[in-house]
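Structural description and commentary
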Amino acid sequence: MPSFSPLKNDTFIRALLRQPTDYTPLWLMRQAGRYLPEYRATRARAGSFLGLAKNPDYATEVTLQPLARYPLDAAILFSDILTVPDAMGLGLYFADGEGPKFERPLRDEQAVMALRAPELGSLQYVFDAVTQIRTELDGRVPLIGFSGSPWTLACYMVEGGGSDDHRTVKSMLYSRPDLLHHILKINAAAVAAYLNAQIDAGAQALMIFDTWGGALADGVYQAFSLAYMQQVVAQLKREKDGVRIPVIVFTKGGGLWLEQIADIGADAVGLDWTVNLGEARRRVGVRVAFQGTLDPVVLFAGEQQIRAEVQKLLASFGPPSAGSGHVFNLGHGISQFTPPEAVMTMVDAVHSLSRLSRHL
């Protein structure tokens, strides 16, 4: 097993575990990405998105790029949400300007029943990247590993790519729920094994992205998304070498089900920008920490407005108290058109204003 440098900045981990912190830590969903010119240069060298994601050297390089620019409190593995279904043999490819697609989507009973959880060896490039990134971080900040949720992966696997209305997968849900449950059961086992392997490789926290959970009706969400995330969380290693590994779950559009999400056993719940942070804290109390919730489009406003929105969000959460925790983040991924200097304004505002509020 690789040995790693001790963690120098554990503020992010402490916030997730609802322990006292000197300031509110932050990282950004998609922080290593197209808004950074250095990312675009590395991607051009890699030749394609998959060339970037499947090469541990490139994945390490782009994971570390935002940390060279900004004093962020965590790094997140640069990878793709669809590595697991790709390893199941569905034939992932990227069409120009169209995002990810699968050559062999799960459209009939035969395809669904033939589905198997992937051999973890076929995802070794991900685990190699995790170890390499953790080594090169040298204890500076923690490294987050991640996966898509079983439902979100199933959306892509059945639709064959992204979708505006999820018509194909939701048709299967209503007409052949048995088939969809079969896919979700296999996905849950695969995601849990995948995340545990990331922990073994060096990940210090985990995040489950349920990007499409909010597309489901009430009642359906609980049965087809939340239940399977709960299965994943129940199978995760929560400790490595005596150190706690916190888990964050994030359903975009999931504010309606906040209390139920908080009950599945994760350490923290990610919130999108439609959720009032103070209200979330009142609804759930100290069962979990929270992550979020700045609207990514705030970063297109001027410096003064960015600082004002950060202040508003910190004030909404309120002063830290025993058993509470907040990790500042955007309510979804950063836009590729975001000016990089706007991110510095936000990072500085979060750190300085949250320090100030703790010493008033």
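This section reports on the structure supplied with the text. Small disclaimer: the values here were computed from a predicted structure and weren't measured. (Residues numbered from 1 in each chain as written. Predicted model: local features only at pLDDT ≥ 70, side-chain atom pairs only at ≥ 80, totals over all residues. Heavy atoms only, no water.)

1. Examining the side chain of Asp80
Checked against the element boundaries, Asp80 lands in the loop between β1 (75-76) and α5 (83-90). Despite its burial, Asp80 pairs with no opposite charge, the nearest such side chain being Arg30 at 8.5 Å. Within the local environment of Asp80, its side chain forms a polar contact with the backbone nitrogen of Leu82, the two atoms lying 2.8 Å apart. The contacts of Asp80, once residues within four sequence positions are left out, are Phe49, Phe94 and Phe146. (Helix = DSSP H or I, 4+ residues; strand = E, 2+ residues; numbered from the N terminus. Buried < 20%, exposed > 50% of the residue type's maximum accessible area, 1.4 Å probe, protein only. Lys, Arg positive; Asp, Glu negative; His and termini not counted. Salt bridge = Lys/Arg side-chain N within 4 Å of Asp/Glu carboxyl O. Polar contact = N/O pair within 3.5 Å; in protein donor to acceptor, adjacent residues only side chain to side chain. Contact = heavy atoms within 4.5 Å.)

2. Some remarks on the nonpolar core
Core analysis: the biggest nonpolar cluster contains 130 residues, and Phe12, Trp27, Leu180, Ile183, Phe290 and Met346 have the highest contact counts within it. Looking at which element gives the most residues to this core, the answer is helix α10 (residues 177-201), with 14 residues. If near-sequence neighbours (up to four positions away) are discounted, Phe290 is found in contact with Leu258, Val269, Leu271, Leu277, Ala280, Arg281, Val284, Phe317, Gly325, His326 and Val327. (Core = buried A, V, L, I, M, F, W, Y, C linked by side-chain atoms within 4.5 Å.)

3. Re the packing of helix α4 (residues 56-69) against helix α7 (residues 124-137)
Running from N to C, α4 and α7 cross one another at 45 degrees; their axes reach a closest spacing of 9 Å. Taken together, the axes of α4 and α7 are oblique relative to one another. Considering how the two elements wind past one another, α4 and α7 form a crossing that is right-handed. Together, Pro56, Asp57, Ala59, Thr60, Thr63, Leu64 and Leu67 of α4 and Tyr125, Asp128, Ala129, Gln132, Ile133, Glu136 and Leu137 of α7 make up the contact between the two elements. (Axes fitted to C-alpha atoms, helices over the stretch in contact; angles between N-to-C directions. Parallel < 35°, antiparallel > 145°, perpendicular 65-115°, else oblique. Left-handed = near helix turned anticlockwise from the far one by under 90°.)

4. Quick look at the pattern of salt bridges
Enumeration according to the criterion identifies 17 salt bridges in this entry. Taking the shortest distance from any N to any O, the salt bridge between Arg283 and Glu259 comes out at 2.8 Å. Placement of the pair is Arg283 in helix α13 (residues 277-284) and Glu259 in helix α12 (residues 258-262), with a sequence separation of 24 residues. Taking relative accessible area as the criterion, Arg283 reaches 29% and is therefore assigned partly exposed. In this structure Glu259 comes out as partly exposed when scored by relative accessible area, which is 28%. With a closest N to O distance of 3.2 Å, Glu309 and Lys312 form a salt bridge. Taken as a pair, Glu309 and Lys312 lie in helix α14 (residues 303-317) at a separation of three residues, close to a single helical turn. In this structure Glu309 comes out as partly exposed when scored by relative accessible area, which is 28%. Under the relative-accessibility criterion, Lys312 is labelled exposed at 52%.

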